[in-house]
Amino acid sequence: MPSGLQGAFEGATDTSQLLTGQSVEVHLTGPANAGPPITVTANRVRLRMTQFTGNVSGAPAPPNFNVGSLPALFTGAGITSIQVQTSSNTDFQGVTVSAA
């Protein structure tokens, strides 16, 4: 994970770093300490069911593709595009696939 993105997430004291559709799974290694703020020790933090808006551009190696015009959470950390790796079992919503 790029350090700028990690720092923005770790430094947040509210949910402003999350995007619509995201949820966070935290695996605690001990009890939570009452705050404020509440502090915990965890060995895993995972964003689940992540959704974001961007522009799909090309297919470098089908069925993979690039996504640009990313939200500020990414661009603020210097990430301007993401290569998405999928499988032949990936189901896309609202996408018409044509044979090349």
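Because the structure is a prediction, the values reported are computed rather than measured.

**Quick look at the overall build of the protein**
- Helix and strand counts for the protein stand at two helices and five strands.
- Each helix and strand of the protein, placed in order from N terminus to C terminus, yields the pattern α-β-β-β-β-α-β.
- Scored against the burial criterion, the 100 residues of the protein give a buried share of 11%.
- Contacts in the protein between residues far apart in sequence, at least 24 positions, make up 28% of those at least 6 positions apart.
- Total accessible area on the protein is roughly 7,600 Å²; 52% of this is exposed by carbon and sulfur atoms.

**With respect to the sheet that holds strand β5 (residues 82-84)**
- If you trace the three strands from one edge of the open sheet to the other, you get β3-β4-β5, paired in antiparallel fashion. The strands lining the two open edges of the sheet, one partner per strand, are β3 (55-57) and β5. Neighbour-to-neighbour, the strand axes of the sheet open up by a mean angle of 35 degrees, direction not taken into account.
- When strand β4 (residues 65-68) meets β5, the two strands line up antiparallel, connected through three bridges. Opposite Val67, over in β5, you have Ile82 as the bridge partner.

**Comments concerning the pairing of β4**
- By the bridge criterion, three bridges tie β3 to β4 in an arrangement that is antiparallel. In the strand pairing of β4, Asn55 is matched with Gly68.

**Describing the pattern of salt bridges**
- This model, assessed by the stated rule, comprises one salt bridge.
- For Arg46, the salt bridge is made with Glu25, and the minimal N-O distance between the two is 3.8 Å. Here the residue Arg46 occupies a position in strand β2 (residues 42-48), and Glu25 occupies one in strand β1 (residues 23-28), the gap between them amounting to 21 residues.
- Look at Glu25 and you get partly exposed, because its relative accessible area is 29%.

Criteria and cut-off values
- Residues numbered from 1 in each chain as written.
- Predicted model: local features only at pLDDT ≥ 70, side-chain atom pairs only at ≥ 80, totals over all residues.
- Heavy atoms only, no water.
- Helix = DSSP H or I, 4+ residues; strand = E, 2+ residues; numbered from the N terminus.
- Buried < 20%, exposed > 50% of the residue type's maximum accessible area, 1.4 Å probe, protein only.
- Contact = heavy atoms within 4.5 Å.
- Areas by Shrake-Rupley, 256 points an atom, 1.4 Å probe, with all protein chains shown as cover.
- Pairing = 2+ DSSP bridges.
- Axes fitted to C-alpha atoms, helices over the stretch in contact; angles between N-to-C directions.
- Salt bridge = Lys/Arg side-chain N within 4 Å of Asp/Glu carboxyl O.

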